[in-house]
Amino acid sequence: MESFSDVAEQLPIGIIVLNADRQIEYCNPAVLEILDYNSKDLLGKNICEAPFFKDLQARANLSCPELFAYGCKAVGFEQTCITGNGKEIPTRWKIIPAETKGKDHSSIICCIDHALRDGQLRPNPEDHDKKYVRILENGNDGIVIIQDFVVKYMNAKLVDILGYDKKEVIGRNFMGFVSAGSKNDAYHMYVEIEGDIGLQQNQELNITSKTGKIIPMKILSSSIEYEGTPADLVILHDISQRKSSEKELQEYSQKLKVFNELIRRKLNLEKSISYVSSVLVAPVDIDIAIEECLGNIGTLCGASRVYLFMIKEEVMDNTHEWRSEGVEPQKENLRDLPVSMFPWWMDKLHKGEIIHVTDVSSMPPEAHSEKEILEMQDISSLIVLPLYVSGKMSGFVGMDNVVNTGSWSEEDINVLGIMSNLVGSAIERRQNEETLSIHSMQLEKAYDELKVLDRMKSEFLANLSHELKTPLHSIYGYSSLLDEEVFGKLNENQRKSVDSIVRNSERLGSLIDSLLYMGNVLAGTAQYTIDTILLENILDRAIETYSDQARQKSVTVSKNVIMLHPFIDGDVNFLIQLMDKLMDNAVKFTLKGGQVNLSAYEEGNDVHIEVQDTGIGIPEENVKDIFTSFYQVDGSSTRKYGGNGLGLYVSKLIVEAHQGRIWLESEKGIGTTVHVLLPKEQVRA
């Protein structure tokens, strides 16, 4: 309605638009001028009750409701009307039914102009022409009056639009200004006007300017009288800007469509990549997962087939295949194929190249073997990428088309490449898992064998220790009797020999006890008897046991015990063995004139025992291994200090059996402090 009113506002003829209730919905300035009314006097009034009608009958031979009935045909008539100042004037009417865009009903357009009849008042021709000229020349659109196709008049606006002088246009055939592509439309429109259909809306023609520029025009035409003869008044509204905007909008819409398609494609690619990644990360069945991925990629890329070939010992097999509906399967036909059949193909794959064939029929001569096989499968185009497993080219993935030739997009190549990498990783992972499973079985078997050997070793140590213990008791017992001169006096050489026997018997007994205890621990047969004991007695016994050894080396041994509650729970025999081993090490590794201090104090619910010496110390790099079985800082055959490397290891086992903790601090050349933390109360069996 907006574009119609823009044009109607400039027309010299009156235009009235009626709504569904026959009420005046719109009237242009020409109506107000012809009838001499204000718009407020007319708008909203029923046409049949309008103030300018006294009796609307005669010429139409129809009643008012019949004249303005919807669905009626166009009708023209003449009628006397009453002006706003009470004068009677002859008018000519044309009633046209018109579709109203966006509404479910029609409107009625009434065209009004002066009518000249014999015996009636005729307007002053000079005033009439001035009125028309003023309206036409001041219009915002081009206006032309045509009689029998000949241009009789054109306004200044049309002169500006077309670039012609008026004298170049007046008298010429109007069709000469219509572009070739619009001439049929122009003739059709003109015939309709001559057929007295009346005012036409939304007609479009292309008009050619003087410079040859094609100007799209919206045409509104109506039949009028010009110089007493029927003519056509044509209003030409330049719609170049609108057409340009429509073109830009169409181009933008097309670009937006392409952009949306790209976005959709990108999203589909991302979804496909995400899907393939998730399926191949940890598949329950890798073969099913690969088939699913091939189908996903094939659907996305519009392929006929997507496939996977594996190469082993110069033979390749089509191991996995997806095909679109209606495409023949080929997997079973492509088994045990010698790699030598595809020299061109394999050369490119080994070089890491992508094989991109847009038209199989145009493959190079050196690819004749491959071409023959591809044509046997009706393949028209394809793309193939190498597949790497553990860094080695182990096969290839590809997709082909049996319908169309043409190149695959970069996105298709990328997504196929990603799938190739993921499939290669999945196959490598499966191979690693299979290898790991075999190794695991081998390790499990070796571990079982090792456990048997370890049990045999423990049993051997236990038996050996037991067997050695019996004769050792006899040796130690009789040597002690000799040392005490029970069997008579000993000379100096005899005493030295007997002392050596007693001392080495004690060392051998300690070693056998350690081996026996360690064997029981490893075999899980070690038994502990937990009693409440006076800790200081155990400390005193350890000092007394090693006092002679310390005195011989001029080593000072001291004790410092500060305990409010001196009793603890433990196995007295094993705690004695613990303190003996710690004192043995302290005295053994302390140089002549050094010191050994044995202390104990309460620390919460625990007892903290420290055995501190000023001995040779332990290098920092050896501290971490010092509690390992059979470990010695100096393990050479020429070592200065004796020992079997079990003392601290057995000490650790005893402390841990008492739910305690043992560690040491040492500095080479300064000395060592061994810390033992034991709970006062033990859980009794």
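Look above for the structure.
Reference entry: report on the structure contained in this document. Remember, predicted model here, so these are calculated numbers, not experimental data. Position labels on residues start from 1 in each chain and follow its written sequence. Totals for whole chains, interfaces and linings use every residue, but because this is a predicted model, local features are given only for residues with pLDDT of at least 70 and side-chain atom pairs only at 80 or more, for both listing and counting. Only heavy atoms go into the side-chain values, all of them from the structure, while hydrogens and water stay out.

1. Brief notes about helix α18 (residues 647-657)
The criterion, for reference: A simple rule labels every residue: compare its accessible area, found with a 1.4 Å probe on the protein chains alone, to the largest value its type can have, and call it buried under 20%, exposed over 50%, or partly exposed in between. Elements are defined by DSSP. Helices are runs of H or I of four residues or more, strands are runs of E of two residues or more, and each kind is numbered from the N terminus.
Taking burial as the measure, the 11 residues of α18 include eight buried ones, the bulk of the element. Taken from the residues just after α18, Gln659 is the one with a positive phi, measuring 60°.

2. Things to note about the pattern of salt bridges
Let me state the cut-off plainly: One side-chain nitrogen of Lys or Arg within 4 Å of one carboxyl oxygen of Asp or Glu is enough to make a salt bridge.
As enumerated under the stated definition, the model contains 19 salt bridges in all. Here Lys331 and Glu291 are joined by a salt bridge, their closest N and O atoms 3.9 Å apart. On the criterion of sequence distance, the pair formed by Lys331 in the loop between β12 (315-323) and β13 (337-338) and Glu291 in helix α10 (residues 286-301) is long-range, its members being 40 residues apart. The partner of Asp548 in a salt bridge is Arg551, and the shortest N-O contact between them spans 2.0 Å. One end of the pair is Asp548 and the other is Arg551, both in helix α16 (residues 547-552) and three residues apart, which spans about a single turn. Taken together, the shared-partner salt bridges connect Glu204, Arg242, Lys243 and Glu246 into one network.

3. Some thoughts on a nonpolar patch on the surface
The cut-off we apply is this: Put simply, a patch holds well-exposed residues, over 30% relative accessible area, that have no salt bridge, with like charges counted together within 9 Å and Val, Leu, Ile, Met, Phe, Trp or Tyr side chains within 5 Å. Computed with a 1.4 Å probe, the accessible areas rest on the Shrake-Rupley method; for each residue, only the protein chains presented here act as cover.
Together, Leu249, Tyr252, Leu256, Phe259, Ile263 and Leu267 give the surface a local cluster of nonpolar side chains, amounting to about 590 Å² of exposed area. Note on placement: Leu256 falls in helix α9 (residues 240-281). Accessibility expressed as a relative area gives 34% for Leu256, which makes it partly exposed.

4. Remarks on the sheet that holds strand β15 (residues 381-389)
Definition in use: Strand pairing follows a simple DSSP-based rule, namely that at least 2 bridges must link the two strands. Every residue pair with non-hydrogen atoms within 4.5 Å of one another is taken to be in contact. Only C-alpha atoms enter the line fits that serve as axes; for helices the fit covers just the stretch in contact. Angles between N-to-C directions range over 0 to 180 degrees.
Overall, antiparallel pairing links the six strands, which are arranged β13-β12-β11-β16-β15-β14 in an open sheet. This sheet does not close on itself; its edge strands, each paired only once, are β13 and β14 (355-357). The sheet strands contacting α10 are β11 (305-312), β12 and β16 (392-401), and the helix crosses β12 at an angle near 60°.

5. Description of the side chain of Thr83
Heads up, the condition is: What qualifies as a polar contact is a pair of N or O atoms within 3.5 Å, subject to a donor-acceptor requirement within protein and to the restriction that residues adjacent in sequence count only when both atoms come from side chains.
Within the fold, Thr83 resides in the loop between β3 (75-82) and β4 (88-99). The exposure class assigned to Thr83 is buried, which follows from its relative accessible area of 7%. Side chain to side chain, Thr83 and Asn85 meet in a polar contact 2.4 Å long. Ignoring sequence-local partners within four residues, the contact set of Thr83 consists of Ile34, Leu35, Asp36, Tyr37 and Ile89.

6. Some points on helix α15 (residues 535-545)
Our working rule: This arc is built from the directions going out from the helix axis to the C-beta atoms.
Every buried residue of α15 is listed here: Leu535, Ile538, Leu539, Ala542 and Ile543. Considered in projection along α15, the buried side chains sweep an arc of 135° and stay on one side of the axis.

7. A short note on the packing of aromatic side chains
Stated formally: A pair of aromatic rings is counted whenever rings of Phe, Tyr or Trp (Trp by its six-membered ring) have centres within 6.5 Å, and the orientation is called stacked for planes under 30 degrees apart, edge-to-face for over 60 and tilted otherwise.
With the rule as written, the count across this model stands at seven aromatic pairs. For the ring pair Tyr307 and Phe309, a centre distance of 5.8 Å and an interplane angle of 90° mean the geometry is edge-to-face. On the basis of relative accessibility, which here comes to 7%, the residue Tyr307 falls in the buried class. Look at Phe309 and you get buried, because its relative accessible area is 6%. Relative to Phe574, the ring of Tyr528 has its centre 4.9 Å away and its plane inclined at 50°; by these criteria the two rings are tilted. In this pair, Tyr528 is assigned in the loop between α14 (492-523) and β17 (531-534) and Phe574 in helix α17 (residues 572-588), connecting sequence segments 46 residues apart. Taken together, the ring pairs connect Tyr307, Phe309, Trp345 and Phe396 into an aromatic cluster.

8. Quick notes on the sheet that holds strand β20 (residues 595-603)
One open sheet holds the five strands; their spatial order is β18-β20-β21-β23-β22, and the pairing between them is mixed. Looking at strand neighbours, the two that pair on one side only are β18 (556-562) and β22 (661-667), the edges of this open sheet. Between one strand axis and the next, the sheet turns by 15° as a mean value, whatever way the strands run. Across eight bridges, strand β21 (residues 606-613) lies against strand β23 (residues 671-679) in antiparallel orientation. Following the sheet pairing, Asp613 is matched in β23 by Thr672. Each of β18, β20, β21 and β23 is contacted by α17, which is oriented at about 25° to β21, the strand it contacts most. Contacts between α18 and the sheet are confined to β22 and β23, with β22 contributing the most and set at about 145° to the helix.

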